[in-house]
Amino acid sequence: MQDFDCENAESGNMENSVKKLDMLVVGAGFSGIYQLYKAREAGLSVRVLEAGDGVGGTWFWNRYPGARCDVESLDYSYSFCRELEEEWQWSERYAPQAEILKYMEHVVDRFALKDGIQLNARVSRAVFNDDRLLWTVSTESGEVFECTYLVMATGGLSIPQRPQLKGLDDFKGRWYHSAQWPKDGVDFTGQRVALIGTGSSGVQMVPIIAEQAAKLTVFQRTANFSVPAHNVPFTEKALAAAKARYPDRRAMGREAITGQFLNANTKTAAEMTEEEQRAELEYRWKGAGGGFRMLRTFADQMSNLETNKMVADFARNRIRSVVKDSAKADLLCPKDDLPFGGKRLCVDSRYYETFNLEHVDIVDAAAHPVIEATAHGLRTDQCEYKVDAIVFATGFDAMSGALKAIDIRGSCGKSLREKWEHGPTSYLGLSIAGFPNMFVVAGPGSPSVLSNMVHSIETHVDWIMRLLTQARATGVQRIEATQAAEDGWVQRCEDEANKTLYPRANSWYMGANIAGKPRVFMAFVSGVPLYRRIIEDVASNNYQGFEMA
Ligand code: NAP
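Residues numbered from 1 in each chain as written. Predicted model: local features only at pLDDT ≥ 70, side-chain atom pairs only at ≥ 80, totals over all residues. Heavy atoms only, no water.

Chemist: What is the right way to look at the packing of helix 15 (residues 453–473) against helix 17 (residues 528–540) in this model?
Modeler: A pair of packed helices is captured by two measures, namely the crossing angle of their axes and the spacing between those axes. Running from N to C, helix 15 and helix 17 point in directions that differ by 0°, and their axes come no closer than 11 Å. With respect to their mutual orientation, helix 15 and helix 17 come out roughly parallel. Touching H455, S456, T459, H460, W463 and R466 of helix 15 are V528, Y531, R532, I535, E536, V538, A539 and S540, all from helix 17. For the contact of helix 15 with helix 17, the residue count by class is six nonpolar, five polar and three charged. (Axes fitted to C-alpha atoms, helices over the stretch in contact; angles between N-to-C directions. Helix = DSSP H or I, 4+ residues; strand = E, 2+ residues; numbered from the N terminus. Parallel < 35°, antiparallel > 145°, perpendicular 65-115°, else oblique. Contact = heavy atoms within 4.5 Å. Nonpolar A, V, L, I, M, F, W, Y, C, P; charged D, E, K, R; others polar.)

Shown next, in the form of structure tokens:
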């Protein structure tokens with residue numbers, strides 16, 4: 001099958017005609033770009049439909065001040081091409097958003113992928129035809145495609161949680177959401193700014209907005225743990241040294257629980273002396289460690305409450321040692337009922353230090369919720385805060401949101417929205433019973449958001465392509481996870497999660513950040529290496545759990 005005529009399509013000549021492809025990919029982030037590359041390599045006709053007017057996914061939309069990756073860029077980057085690794089020069093340990101976006105644009109150019117990506121094309125509906133074994137996919141603008149394989153590369157954090165705030169339309173200032181930031185940036189110089197939300201986005205924004213704003217008031221509903229990034233610019237020498245060891249680094253990453261090497265301690269806290277425990281905590285908090293290394297301080301940290309509390313207490317002490325005003329420090333210290341790492345850990349640069357500035361304040365939005373926006377600011381149940389701008393860093397309808405945003409109808413018209421009414425289910429986090437020939441990259445039920453996403457994405461895309469290559473070689477036209485396999489996997493994910501402390505936290509991993517969303521732990525918690533072995537075993541056992549016809 002040939003790729004359709006892109007020029008005609010874009011000029012509107014083919015507006016009402018159906019474009020036929022082997023594979024359609026939804027989303028041009030890290031997943032979609034790599035899926036396009038691999039599908040072309042395998043000789044498939046393939047097209048990526050992207051809602052934005054540029055590639056990059058998360059890194060296209062999240063342009064808020066201070067946005068940067070909190071997985072080290074040497075790890076949070078494609079590993080499929082050694083030359084790409086060699087030629088790209090990361091400027092910092094944790095690259096800022098603009099640099100990651102530039103990297104992704106470079107990948108698209110370098111591998112000549114641009115003509116396979118259609119921008120400004122938001123997919124609204126996808127319907128499977130059981131007789132013709134094809135997906136019919138429609139965009140909001142009315143274009144229609146038919147494809148044999150549908151790959152949802154829609155991302156786990158791509159549907160922003162829009163603020164449901166009474167009176168927002170009457171607010172006379174400007175308001176922004178972290179994930180829909182204006183391309184030209186925002187200058188807060190001299191303004192009074194309110195920021196709602198203290199997850200990773202809010203924590204990254206606070207120090208930068210504070211540099212400009214005349215007054216910054218942070219509305220915090222739940223204090224989460226944040227650890228110092230110890231971000232540094234790369235010297236030429238340091239980058240060259242790191243690159244000389246790149247293959248080892250990648251190999252160690254593959255065998256690490258999150259798909260990035262964090263020098264995990266293999267001992268439980270009980271196997272160490274107090275002095276050793278202290279040294280381990282210090283090492284991870286300080287420059288040699290930093291960032292997510294804090295999640296790997298003790299082997300039993302996410303399964304043993306006592307061990308977890310040791311790490312949590314250490315972090316709380318650090319917050320108190322930085323924040324001089326004890327009332328602010330009290331508020332910023334996460335409460336005892338939140339395990340360290342139970343909500344996704346934030347990684348910051350000068351977050352807590354910023355609260356020592358006189359013009360930066362924090363409001364307890366749990367005790368005094370924001371009730372409404374007024375013409376001139378925000379009102380809590382206590383008082384009105386007059387501001388010129390409101391920033392919402394209120395997160396996303398995570399994991400399942402992007403898939404449910406599209407009206408997906410599988411075999412016999414089955415609706416994904418209905419199927420997922422009580423929470424997302426899948427087989428291996430990449431296939432859904434009742435939705436043949438459709439694959440989800442890093443979907444619910446895979447390590448995805450608990451891992452180095454780029455590693456997980458490459459793992460999934462490689463696996464999908466191996467499956468499709470075999471299917472095409474053997475004349476298989478319909479690939480579908482069985483309901484029994486999906487049920488078994490859902491149960492396994494739940495069992496694995498229940499062995500940990502994760503379900504104790506009201507996190508977006510659990511769907512707890514969206515009112516009315518079912519509480520289901522949405523990721524495979526037991527790590528990238530085990531997960532990879534499981535899916536490799538499935539493949540070796542003739543794709544056990546799939547019906548192939
Ligand atoms: P988030 O972690 O879900 O945080 C949202 C924040 O908004 C929470 O503090 C939440 O409070 C608060 N909130 C939500 N609704 C509210 C309301 N009505 N009133 C008051 N507060 C409200 O969202 P995020 O910070 O955008 O981060 C989401 C994820 O994106 C991260 O966990 C991470 O996976 C990813 N991310 C990654 C990076 C990176 O560096 N790689 C950077 C940014 C984000 P509660 O906790 O009480 O719900």
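Chemist: Looking at this structure, how should I read the site of the ligand?
Modeler: Surveying the vicinity of the ligand reveals 21 residues, the closest of which are R68, S201, T222, K343 and R344. The backbone of S200 places a nitrogen or oxygen atom 3.0 Å from an oxygen atom of the ligand. Within the complex, 84% of the 900 Å² of free accessible area of the ligand lies under protein. Class assignment for the residues of the shell around the ligand results in seven nonpolar, nine polar and five charged. (Near = heavy atom within 4 Å. Polar contact = N/O pair within 3.5 Å; in protein donor to acceptor, adjacent residues only side chain to side chain. Areas by Shrake-Rupley, 256 points an atom, 1.4 Å probe, with all protein chains shown as cover.)

Chemist: Explain the side chain of E458 to me, please; I cannot follow it from the model alone.
Modeler: Counting through the fold element by element, E458 comes out in helix 15. Summary of buried charges: E458 has no salt-bridge partner, and the nearest side chain of opposite charge, R250, is 5.7 Å away. Here the side chain of E458 touches S79 through a polar contact of 2.5 Å, side chain to side chain. One polar contact links the side chain of E458 to the main-chain amide nitrogen of F80, over a distance of 3.2 Å. Contact partners of E458, with chain neighbours within four places excluded, come to Y34, Y78, S79 and F80. (Buried < 20%, exposed > 50% of the residue type's maximum accessible area, 1.4 Å probe, protein only. Lys, Arg positive; Asp, Glu negative; His and termini not counted. Salt bridge = Lys/Arg side-chain N within 4 Å of Asp/Glu carboxyl O.)

Chemist: How should I be thinking about the pairing of strand 14 (residues 377–380) in this particular structure?
Modeler: The side chains of a regular strand alternate between both faces of the sheet. With three bridges joining them, strand 13 (residues 370–373) and strand 14 adopt antiparallel strand pairing. Of the residues in strand 14, the one forming a bridge with A373 is L378. As consecutive antiparallel partners, strand 13 and strand 14 are separated by three residues. Summarising the sheet, strand 14 and strand 15 (residues 384–386) pair through three bridges and their orientation is antiparallel. The partner of R379 across the bridge, within strand 15, is E384. Connecting strand 14 to the next strand, strand 15, in antiparallel fashion are three residues. (Pairing = 2+ DSSP bridges.)

Chemist: Hey, could you run me through the sheet that holds strand 15 in this one?
Modeler: Sheets are built from strands paired through backbone hydrogen bonds, the pairs being either parallel or antiparallel. Read from one edge of the open sheet, three strands run 13-14-15, paired in antiparallel fashion. Whereas interior strands pair on both sides, the edge strands pair on one side only; in this sheet they are strand 13 and strand 15. Neighbour-to-neighbour, the strand axes of the sheet open up by a mean angle of 25°, direction not taken into account.

Chemist: Would you take a moment to explain the packing of aromatic side chains for this structure?
Modeler: In this description, an aromatic ring pair is defined by two values, namely the gap between the centres and the angle between the planes. Scanning all chains against the criterion turns up 36 aromatic pairs. For the ring pair F219 and Y385, a centre distance of 5.2 Å and an interplane angle of 85° mean the geometry is edge-to-face. Of the two residues, F219 sits in strand 9 (residues 215–220) while Y385 sits in strand 15, which places them 166 residues apart along the sequence. Among the residues examined, Y385 registers a relative accessible area of 21% and is labelled partly exposed. A centroid spacing of 5.9 Å and a plane angle of 80° characterise the contact between Y502 and Y509, whose relative ring orientation is edge-to-face. In this structure, Y502 and Y509 share a single accessibility class: buried. Pairwise contacts between aromatic rings join F30, Y34, Y37, W59, Y76, Y78, F80, W88, W90, Y103 and F111 into one cluster. The lysine or arginine in question, R63, covers the ring of F60, its NZ or CZ lying 4.8 Å from the ring centre. (Phe/Tyr/Trp six-rings, centres within 6.5 Å; stacked < 30°, edge-to-face > 60°. Lys NZ or Arg CZ within 6 Å of the ring centre and 35° of its normal.)

Chemist: So what exactly am I meant to see when it comes to the pattern of salt bridges here?
Modeler: Side-chain pairs of opposite charge can arise where the charged atoms are in close proximity. The final tally for this structure, using the stated rule, is 39 salt bridges. R250 is paired through a salt bridge with E85; the nearest N and O atoms lie 2.7 Å apart. Remark: E85 occurs in helix 4 (residues 82–87) and R250 occurs in helix 8 (residues 246–254); sequence separation between them is 165 residues. Each member of the pair, R250 together with E85, is buried.

Chemist: Before we go on, may I ask you to explain the sheet that holds strand 12 (residues 360–364) in this structure?
Modeler: Strand order in the open sheet formed by five strands is 7-16-8-9-12, with parallel pairing between adjacent strands. Since the sheet does not close on itself, it has two edges, and those belong to strand 7 (174–177) and strand 12, each with one partner. Across the sheet, the axes of successive neighbouring strands diverge by a mean angle of 20°, strand direction being ignored. Here four bridges tie strand 8 (residues 192–196) to strand 16 (residues 389–392), and the two strands are oriented parallel to one another. Residue pairing for strand 16: A194 is matched across the bridge by I390. Those strands touched by helix 6 (residues 200–212) are strand 8, strand 9, strand 12 and strand 16, and its axis lies near 170° from that of strand 8.

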